[in-house]
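Commentary on secondary and tertiary structure
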Amino acid sequence: MQLANDMLASGEFVAIKVSRETRDPETGEFTSSIIRKEGDFSAPAPKRPNPGVSAPPTCKAAADLYGPQARVKIAEFLEGWLGRKSVTAFELLHRMDLVDSLRNAGSEFQHAIQKFAVPEALSRGSNVHEVIRSLHPLIDQAASRLRAATKGQQFPLVTPSDFAAACEALVEQDERLFLLAGAVAADLGLAETWSGKLDRLLALAEAAPKAGAGRDLALHVLAQPLGEMLNSAQVMNDVLGEDLDLGARLAATAQLIAPAAIAVVAQMDPTAAALIPPPTRPAARIGKLLADSRMGVLRGLVGKRILAEIASQKRLRPADAAQEVEIARALATTLTVAADKQMTSEAVREAFIARSAALVGSEFVSAYLKTPRPAMAEALALTRLLESVVGGAHKRQAVRWLLSSVTSLRFETEIHSPGLPAAERLAQLAGLYRRVARTGKDAAGVEPLLMLLGELGGKIEAEAKLIANLHRGYTPPVQKLQVLIRMAAGETAPPGPAADRAKREANRVMNQPETTEELSREPKVLHQIQTLMRALDKAA
């Protein structure tokens, strides 16, 4: 019931239901009884096409085949053929030689049409043959248009040296997008490898007009083949480098859309800096191009692909769970900073909530704690995990893992071991307390954990008699007062019995005549201590 209440209160769930299953020992059957049900369990009814009414076709005219959604479908259904030719769907749509080659392929061409027609027929409430019959005229029209433009030499020949002039010359023409795309496709056709095509594409982008309508036209056209290349695993291997695990690949991809954010994260966190691969030369060139405000849509598409991988259940760094946590943190910070209207901060948070579910799963935590380490080091590692996950349910699960570690016999034995001075063990507990309180303050179950740390600190102080020895010692009053205030403030001891005893002793020392006399000779120290004492009283 408490878990259900927490889930509903977290805002991440729209409804909760608690049920009890009772097994009949004679029949072996289970009977279910609902204890509590709250929230909106309704779901929108699926829309069904009305009998005899067909939805409009996806493509109504030949020009629709050049739209972004159509190119995605072409790339999907012709993935094998395009891969063998090392060409993009953009090139296929703007090169007559490729169109003829595909149509001569016969069965492969027809099979691609059939693969598209089946889901299209279902969505339109039609039949497959009707969809295929409607597609062929559109394909023929598009091919005729492309053939006429090719024979009439309407596509300008472009090179980096004259690309800007060609863009400016086409700005006022009605068919400017089609004509410039044909010119770019012809230039890409001069390269036989993906790396060669990408190099030619980036060379044209770097030679594009610097501003105005000419640049708008150039980047609008160049974004189409670039987006298709960035969606290819083979091209991304050439761009980012080989032998990268998923975490490093995502970090390297994030550099394409947010190089400044990656640089800031690497500067702030040396651990993250060591995990983020340096950008290759092609990656740096792409990042510079994507920084242009006109490339916002393409940046958003790349960002959404990154988020899709983050939300998946794939391990980011299978060989090292600790580094996986760090690379996830670096990605979360980077993508949050880089969020915009194309890749919203809400989408980033949702992706990392999904990733957090994997990070607090038993399989990952077992791998995370696989390396033998002292009990305090294990607790600190689990605290780092708590700091790295988002979502109320996942924070709560991370707190449970940490609580199980702190309540273990091994932790209690080590924390009471005389191997380390009591003051150092108290300081370790204080540091652990501060980190847990800071990152898990809103997580369910964190209060019992903090209380336990405080009680452990109280036992260690009582066993070592640190405050009593300080009282009996010959330490100068002001120095003694400073030590007690640090302990009472939770700096050298966790809040709890030890800190409370330190505060009481600090008040006693503060009121001693010798302390007042010593402080009267040092006004600055007196002001500092009075400020700290007021802060302690206010916190209480």
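The structure presented is a predicted model; accordingly, all values stated were derived computationally and were not measured.

**A look at the overall build of the chain**
- Scanning the chain from terminus to terminus reveals 30 helices and two strands.
- A compact globule built from 540 residues would reach a C-alpha radius of gyration of about 24 Å, whereas the chain, at 33 Å, exceeds it by more than 25%.
- Counting only C-alpha atoms, the chain reaches 105 × 75 × 40 Å along its principal axes.
- Residues classed as buried in the chain amount to 43% of the 540 residues present.
- Sequence separation of 24 or more characterises 66% of the internal contacts of the chain that already satisfy a separation of 6 or more.
- By element, 56% of the accessible surface of the chain is carried by carbon and sulfur atoms, the whole surface being about 28300 Å².
- Charged side chains of the chain number 65 positive and 61 negative; the gap between the two group centres comes to 1 Å.

**Concerning the packing of helix α6 (residues 107-124) against helix α7 (residues 128-151)**
- Relative orientation of the contacting elements α6 and α7 amounts to 120°, with a least axis distance of 8 Å. Taken as axis vectors, α6 and α7 run oblique relative to one another. Like other packed secondary-structure pairs, α6 and α7 cross with a definite hand, here right-handed. Where α6 approaches α7, its residues F109, Q110, I113, Q114, F116, A117, V118, E120, A121 and R124 are matched on the opposing element by V128, E130, V131, I132, S134, L135, H136 and I139.

**Digging into the pattern of salt bridges**
- Across all of its chains, the model carries 29 salt bridges by this definition.
- Residue E387 is joined to R384 by a salt bridge in which the shortest nitrogen-to-oxygen separation is 3.6 Å. Residue E387 and its partner R384 are both found in helix α21 (residues 375-388); the two are separated by three residues, about one turn of the helix.
- Residues joined by salt bridges that share partners form a network here, namely D269, E326, R384, E387, R435 and R438.

**Section: the environment of F155**
- The topology assignment puts F155 in the loop between α7 and α8 (163-170).
- Separated by 140 residues in sequence, F155 and M295 have C-alpha atoms that sit 24 Å apart.
- Filtering out sequence-adjacent residues up to four positions away, F155 remains in contact with H94, L146, A149, T150, F178, L179, G182 and A183.

**Here we look at the packing of aromatic side chains**
- Overall, the coordinates contain four aromatic pairs when judged by the stated rule.
- With 5.9 Å between their ring centres and 90° between their planes, Y66 and F178 make a pair best called edge-to-face. In this pair, Y66 sits in the loop between β2 (30-39) and α2 (68-77) while F178 sits in helix α9 (residues 176-188), placing the two residues 112 residues apart along the sequence. A single burial state applies to Y66 and to F178, both of which are buried.
- Relative to F116, the ring of F77 lies with its centre 6.1 Å away and its plane at 75°, an arrangement referred to as edge-to-face. With F77 in helix α2 and F116 in helix α6, this residue pair connects regions lying 39 residues apart in the sequence. This pair shows no difference in class: F77 is buried, exactly as F116 is.
- Members of the aromatic cluster, each reached through a chain of ring pairs, are Y66, F155 and F178.
- Looking at R145, its charged tip hangs above the ring of Y66, at a distance of 5.6 Å from the centre.
- Against the face of F178 rests R145, its NZ or CZ located 3.8 Å from the ring centre.

**Here's the deal with the nonpolar core**
- Of all hydrophobic cores here, the largest spans 98 residues; its most connected members are L92, F163, V184, L290, I310 and L335.
- Among the nonpolar cores identified, the runner-up in size contains 53 residues, and L402, L456, L470 and L536 belong to it.

**What to know about the packing of α21 against helix α24 (residues 422-439)**
- As a packed pair, α21 and α24 sit with axes 10 Å apart at the nearest point and diverge in direction by 15°. Taken together, the axis directions place α21 and α24 in an arrangement best described as roughly parallel. When the axes of α21 and α24 are compared, the crossing they make is left-handed. Seen from α21, the contacting residues are M376, A379, L380, T383, R384, L386 and E387; seen from α24, they are Q428, L429, L432, R435, V436, R438 and T439.
- Residue composition of the contact of α21 with α24, by class: seven nonpolar, three polar and four charged.

**Examining unusual backbone geometry**
- The backbone of S86 shows a phi angle near 55°, a positive value even though the residue is not glycine.
- Here S86 falls in the buried class, since its relative accessible area comes to 14%.
- One non-glycine residue, Q153, lies in positive phi territory at about 50°.
- Turning to its location among the elements, Q153 is positioned in the loop between α7 and α8.

**A look at the confidence of the model for the chain**
- For the chain, the mean per-residue pLDDT works out to 87, and 95% of the residues sit at or above 70.
- By mean pLDDT, helix α30 (residues 523-539) is the weakest element of the chain at 72, and helix α20 (residues 362-368) is the strongest at 95.
- Note that pLDDT drops below 50 for residues 44-49; the model gives that stretch zero contacts with residues more than four away or on any other chain.

Rules behind the numbers
- Residues numbered from 1 in each chain as written.
- Predicted model: local features only at pLDDT ≥ 70, side-chain atom pairs only at ≥ 80, totals over all residues.
- Heavy atoms only, no water.
- Helix = DSSP H or I, 4+ residues; strand = E, 2+ residues; numbered from the N terminus.
- Rg over C-alpha atoms; globule rule 2.2 N^0.38 Å.
- Buried < 20%, exposed > 50% of the residue type's maximum accessible area, 1.4 Å probe, protein only.
- Contact = heavy atoms within 4.5 Å.
- Areas by Shrake-Rupley, 256 points an atom, 1.4 Å probe, with all protein chains shown as cover.
- Lys, Arg positive; Asp, Glu negative; His and termini not counted.
- Charge placed at Lys NZ, Arg CZ, Asp CG, Glu CD.
- Axes fitted to C-alpha atoms, helices over the stretch in contact; angles between N-to-C directions.
- Parallel < 35°, antiparallel > 145°, perpendicular 65-115°, else oblique.
- Left-handed = near helix turned anticlockwise from the far one by under 90°.
- Salt bridge = Lys/Arg side-chain N within 4 Å of Asp/Glu carboxyl O.
- Phe/Tyr/Trp six-rings, centres within 6.5 Å; stacked < 30°, edge-to-face > 60°.
- Lys NZ or Arg CZ within 6 Å of the ring centre and 35° of its normal.
- Core = buried A, V, L, I, M, F, W, Y, C linked by side-chain atoms within 4.5 Å.
- Nonpolar A, V, L, I, M, F, W, Y, C, P; charged D, E, K, R; others polar.
- pLDDT = per-residue confidence, 0-100.

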